[in-house]
Structures are given as C-alpha cells and as structure tokens.
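# Geometric and topological summary
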Amino acid sequence: MTAKNIHLKDPASTNIWEVIFLYPGFHILIVHSVASFFYRINLKFMARLISQGARFLTGIEIHPGAKIGKNLFIDHGMGIVIGETAEIGDSCTIYHGVTLGGLGNSQIKRHPTIGNNVMIGCGAKILGPIRIGNNVKIGANAVVLKDVPDNSTIVGVPGKMIKHNN
Amino acid sequence: MTAKNIHLKDPASTNIWEVIFLYPGFHILIVHSVASFFYRINLKFMARLISQGARFLTGIEIHPGAKIGKNLFIDHGMGIVIGETAEIGDSCTIYHGVTLGGLGNSQIKRHPTIGNNVMIGCGAKILGPIRIGNNVKIGANAVVLKDVPDNSTIVGVPGKMIKHNN
Amino acid sequence: MTAKNIHLKDPASTNIWEVIFLYPGFHILIVHSVASFFYRINLKFMARLISQGARFLTGIEIHPGAKIGKNLFIDHGMGIVIGETAEIGDSCTIYHGVTLGGLGNSQIKRHPTIGNNVMIGCGAKILGPIRIGNNVKIGANAVVLKDVPDNSTIVGVPGKMIKHNN
C-alpha cells in the first residue's frame, strides 16, 4: 500500500509524511518485501533475521513466508503475528493484536487464507488453515477457527456469524 | 500520577525507585504530557514523533490528542492503544493490551470517554465514541461497543453487564 | 528448554541456529534465570532492571519472582505478562499475548499456578491465585478465573470447560 492510501484511510493521520516516517504498519510492509525475497531464494536464516529485526523495531511479526496482497493497511500493529503459510488478499485492514496463526500441528499449510477487502478488528485470532471470504468483517477479540463465507460479519469467542451478505 | 501513588497501588513494586526507573506505565505519562503540549500548539508531526518514539521504548501507544485525567495507573502497558479523541477521567487503572479505539469511520469524536475511577482489565477493547461511567470495572478481554452506566461491571465479547451498582 | 527442543516443537523453524539467534521466547528464558537469581538473593532492583530490559528487547515481561519449570516453549511471545507469584510446571507451551496475572488485591499469592504439559493459546488471560491442572488446553483469548481440573479444554470469556479428560 502506498503511504498516500494509508493517509486517506486513517482519520488520525494529518499528512503523508506522518505515515512515511512514523507508521510502523507502513515500515513493516517494506521490510517484509525484503525478507520475503530472501525467503524465496531460500536464504531462510537471512529472511528471518530481517523479519525478527523488524519485530523488534515495530512490534509486528510477519513470517517471511507469508503472502500479502496489495494495499494492506496495518493500523497500530503492536502484537500482530502472521504465520509462515498465511495468505492475505488485496485491500485488507488489520488492526493491532491480530494473529493469523496455526493450531500447533505440522501440515504444510498451517495458517489462514484471507480474501479481499477483509477487516480484522484488534485482538482477533484466526487460527488454522481456514479460508476467510471476501468482504468479511471480523470483530475485536473474536476467535475464528472455521471457514467464513464472503460478505459476513463475525464476532465472539469462538466467533459466531452475526450477519451474512452485510 | 506520582510514582509514589503507583508504588502504593502495585503490590509487585518494592519501592518508589523501581517505579521511577523501571515502569513503562510511568514513563509514558511523562512523555505523553510533552507530546500533548506539541499537539495543542499545533506542531502535530513533532507530537507524533514523540509519541511513536515512546511506543518504541514502552510498547504503549497514546495519541498526543488523547486527554488523560489525574492519577492514571497503567500497569505493564505493552500493546495499549489510546486514540486521538479518547478522554480518560481521574484515578483510572488500565492494564496491558487495552484499546480505546475507533470504529473506522471519521467523525470528529471517534474514541471513548472514560469516567473517573474506572478499571479496565488486560486485553479489553473499548471502541467508538461511547461513554464509560464512573466506578466501572471492565473485565479482561471484554469488548465494549455501547455506553456503560456508572457503577457497573462488564465482561464478555461483546461485553454484557453482569453487575450494576456494584 | 534447550534450543533443540524448541526447534523440534516449532514447524516454522528451519534449524537450531534460528532458535538460538532469533527466538525471543528462547532468549527470555536465559535472561529470566539470571533475573531470578538476583531476586532470590534479594537484589530486587537489579532483578527487575534485568527483566524490564528483557521486556524492551523481547516484548515479554516475566517478573523475576515467577517460578518456571523445565522445557517451557514460548512461541512469538510479544505481550506476554507473567506475574511475581506465578508458577509454571514442566513442558508447557505459552503463546504471545498470554497473561498470568493478578486481580488487583494484595495477598501473598496473587497469580496462577500452572500444571505440567499445559498449552495456553494466544491472548488468553489467566487471573488470580487459581490452579490450572496437568494436560490442560486453554483456547485463544479465553479468560480463566477459576481452578481448572487435569485433562480439560477451556474456551471463552469467561472461560467454559468444553471437554474433560480430553
């Protein structure tokens, strides 16, 4: 996502320079693209050295193997964990404290796949190799362990659907 | 809040010097008063430079625009996010992982107003321009999206009132 | 826990050097053993100076007084808070965002006691001087305020037992 898009999405930002210099959710995407490059050419230690350095600087932990679509907006970001086999579609918004994690077993695909235009509220945990559809909203602190169809809203622990085709 | 008050409130602190040198929840209040000064004289980039620097050092993100009353006690603090138009009354206690956040739309007042003597448990998310009354207790990981009257206790996702006039 | 054990438990680690150099959940255990030594010989300020320094470097806050068993595996770790009188048995796994905390009153024993072979999911909060039995699984974002018997699975806010003798 360009800094300009983040500025337009965040009512708290006063100008684009604030985003470029001060938004950890912007910095992490630049660093992730570098870490991801080293991961793909199989320099995995270097890849994780970069991603763990970025975790120290930003509080956001994205495994270099994670696939991230266009225009992701990470707001605040502290405490986010995104696993190795997670995939995120285009134009998503992810708040601080979100986990796209595994369930502790070791298949190849252990982490969720997120569709396009998905909003994941702060503190929500999405666990396992499940699929979150397009245009889904997931509420703060929700826990999602099953597939979610397109155009749904999910809240609660474990998460329940409260609206479909919203 | 003076370091002495924090020492008296926290059973884990052995003396006042521990609070002064080692409590991020004490340091952030000093930094916030500086960031808040620059925000009020409209040097907003400088204000956020300071608050984002403090986020790096403490793991606590308080927007310079947030209004904080007397004697706030922030315990542990990691992962706290307090938004630009949030207001906090006097003598409140806020644990780590708490969010006083918005709901992604862009009215002027986007964040909660918290009364006096409110306790917000770790991981709780309070979202939107709602009012939390005086003497309210909010449980760990609760999600609060509606006004809460004075003297209540709230738990759950989304939060339900379990006691009134407690 | 040895770095080798962590490598075997974590499907995302490619070799033991990754654990040794890049896993905050490994580093914090080494630092905690040092902080714990100073705490036991009653150099409490030095003990907390070390543990708060480690919090800055790792995002994990373990009070020097906490007692930790063998082979603890802390995964990711950001936002973990473990209180002064918490006790953790052997071979447990704790994910990021977990709190073993108190309820704000000041008895001597304020924090939980965790059995052996317990898995605590990301974002779970376990509060008060309660006992979590052996072989217990606690779900992501669960809030646990009461004793939990051996061989149980707990989810929800507040946590409910969903399986016993699992």
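Here the residue index of a chain counts from 1 through its sequence in written order. Ligands are numbered from 1 and chains lettered from A, in the order in which they are written. It should be noted that, the model being predicted, local features are given only for residues of pLDDT at least 70 and side-chain atom pairs only at 80 or more, the latter also being counted only at that level, while totals for whole chains, interfaces and linings use all residues. Where side-chain values are given, they derive from all heavy atoms of the structure, hydrogens and water being excluded.

### What to know about the confidence of the model for chain A
For every residue, the predictor reports its confidence as pLDDT, a number between 0 and 100. Looking at chain A, pLDDT values average 93 and 99% of them are 70 or higher. Note on the complex model: pTM 0.95, ipTM 0.93.

### Details of the packing of aromatic side chains
The geometry of an aromatic ring pair comes down to the distance between the two centres and the angle between the two planes. Paired rings are identified among Phe, Tyr and Trp, the last through its six-membered ring, by centres lying within 6.5 Å, and are further divided according to the angle between planes into stacked (under 30 degrees), edge-to-face (over 60) and tilted (the rest). A full pass over the atoms with the stated rule returns 12 aromatic pairs over all chains. Arranged with centres 6.4 Å apart and planes meeting at 25°, the rings of Trp17(A) and Phe21(A) form a pair that is stacked. With a gap of 4 residues between them, Trp17(A) and Phe21(A) both fall in helix α2 (residues 16–22), about one helical turn apart. In this scheme, a residue with accessible area under 20% of its type's maximum is buried, one over 50% is exposed, and one in between is partly exposed, where area comes from a 1.4 Å probe on protein chains only. Note on Trp17(A): relative accessible area 52%, which makes it exposed. Judged by centre distance (6.3 Å) and plane angle (90°), the ring pair of Phe21(B) and Phe45(C) falls under edge-to-face. Of this pair, Phe21(B) sits in helix α2 (residues 16–22) while Phe45(C) sits in helix α4 (residues 44–58), on two different chains. Note on Phe21(B): relative accessible area 52%, which makes it exposed. Secondary structure is summarised from DSSP: a helix means a run of H or I of at least four residues, a strand means a run of E of at least two, and numbering begins at the N terminus for each.

### Thoughts on the packing of helix α3 (residues 24–40) of chain A against helix α4 (residues 44–58) of chain A
Residues and elements named next belong to chain A. Angular values range over 0 to 180 degrees, each being the angle between N-to-C directions of two axes fitted as lines to C-alpha atoms, with helices fitted over their stretch in contact. The interhelical angle for the contact between α3 and α4, taken along N-to-C directions, is 170°, at an axis separation of 8 Å. The orientation of α3 with respect to α4, classified from their angle, is roughly antiparallel. In contact with Pro-24, Ile-28, Val-31, Val-34, Ala-35, Phe-38 and Tyr-39 of α3, α4 contributes Lys-44, Met-46, Ala-47, Ile-50, Ser-51, Ala-54 and Thr-58. The residue inventory of the contact of α3 with α4, partitioned by class, reads 11 nonpolar, 2 polar and 1 charged. Relative orientations are named as follows: roughly parallel for angles under 35 degrees, roughly antiparallel for angles over 145 degrees, roughly perpendicular for angles from 65 to 115 degrees, and oblique for any other angle. The contact criterion used is simple: two residues touch if any of their non-hydrogen atoms lie within 4.5 Å. Gly falls in the polar group here, along with every residue not listed as nonpolar (Ala, Val, Leu, Ile, Met, Phe, Trp, Tyr, Cys, Pro) or charged (Asp, Glu, Lys, Arg).

### A word on α4(C)
To estimate how far a helix should extend, the number of its residues minus one is multiplied by 1.5 Å. Taking 1.5 Å per residue, 15 residues should reach 21 Å; α4(C) reaches 21 Å between its end C-alpha atoms and fits that length. Taken together, the buried positions of α4(C) are occupied by Ala47(C), Arg48(C), Ile50(C), Ser51(C), Gln52(C), Ala54(C), Arg55(C) and Thr58(C). Along its buried surface, α4(C) packs onto α4 of chain A, α2, α3 (24–40) and α4 (44–58) of chain B together with α3 (24–40) and β1 (61–62) of chain C. Downstream of α4(C) by a residue or two, Gly59(C) has a phi angle that is positive, lying close to 75°.

### Observations regarding the interface of chain B and chain A
Each side of the interface is counted separately: chain B has 27 residues, and chain A has 25 residues. In total, about 1,900 Å² of surface goes out of reach between chain B and chain A, with carbon and sulfur atoms giving 66% of it. What gets called buried area is simply the loss in accessible area from a 1.4 Å probe that two parts show on being joined, summed for both. The largest per-residue losses of area from chain B upon contact with chain A belong to Phe45(B), Arg48(B) and Arg55(B), which jointly make up 29% of the total buried on that side. Salt bridges are defined as contacts in which a side-chain nitrogen from Lys or Arg sits within 4 Å of a carboxyl oxygen from Asp or Glu. Summed over the shared surface of chain B and chain A, the result is 1 salt bridge. With a shortest N-O distance of 2.9 Å, Glu18(A) and Arg48(B) are connected by a salt bridge. Nitrogen and oxygen atoms within 3.5 Å of one another constitute a polar contact, given that in protein one can donate a hydrogen and the other can accept it, and given that sequence-neighbouring residues count only through two side-chain atoms. Here chain B is connected to chain A by 9 residue pairs in polar contact (both at pLDDT 80 or more).

### Topic: the interface of chain A and chain C
Contacts between the two partners involve 27 residues from chain A, matched on the other side by 25 residues from chain C. Of the roughly 2,000 Å² buried between chain A and chain C on both sides combined, carbon and sulfur atoms contribute 66%. Between the two partners, chain A and chain C, sit 9 residue pairs in polar contact (both at pLDDT 80 or more). Elements with a minimum of two residues in the side of chain A that touches chain C: α4 and β10 (125–127) of chain A. In terms of residue count, the dominant contributor to the side of chain A that touches chain C is α4(A) (7 residues). For the side of chain A that touches chain C, the per-class residue count stands at 10 nonpolar, 10 polar and 7 charged.

### Structural notes on the sheet that holds strand β4 (residues 81–82) of chain C
All names here are of chain C. When DSSP locates at least two bridges between a pair of strands, those strands are taken to pair. Here we have 5 strands laid out as an open sheet, ordered β1-β4-β7-β10-β13, and parallel in their pairing. With partners counted over all chains shown, the strands left at the sheet margins are β1 and β13 (143–144), one partner each. Sheet topology places strand β10 (residues 125–127) next to β13; 2 bridges connect them, and they run parallel. In the sheet register, Ile-126 faces β13, and the bridge partner there is Val-144.

### Considerations on the relation of the copies chain B and chain A
There are two copies of the chain, and a rotation about an axis plus a shift along that axis relates them. When the copies are superposed, the least-squares fit takes in the C-alpha atoms of residues with a pLDDT of at least 70 in both. Note on the identical chains: chain B maps onto chain A by a rotation of 120° and an axial translation of 0.0 Å, with an RMSD of 0.0 Å. On the angle and the small slide along the axis, the relation comes out as a three-fold axis. The fraction of interface residues of chain B whose copies in chain A are also interface residues is only 19%, indicating that the copies meet through different surfaces.

### Describing the relation of the copies chain A and chain C
Overlaying chain A with chain C gives an RMSD of 0.0 Å, the required rotation being 120° about an axis along which the chain moves by 0.0 Å. A share of only 19% of the interface residues of chain A reappears at the interface of chain C, consistent with the copies meeting through non-equivalent patches.

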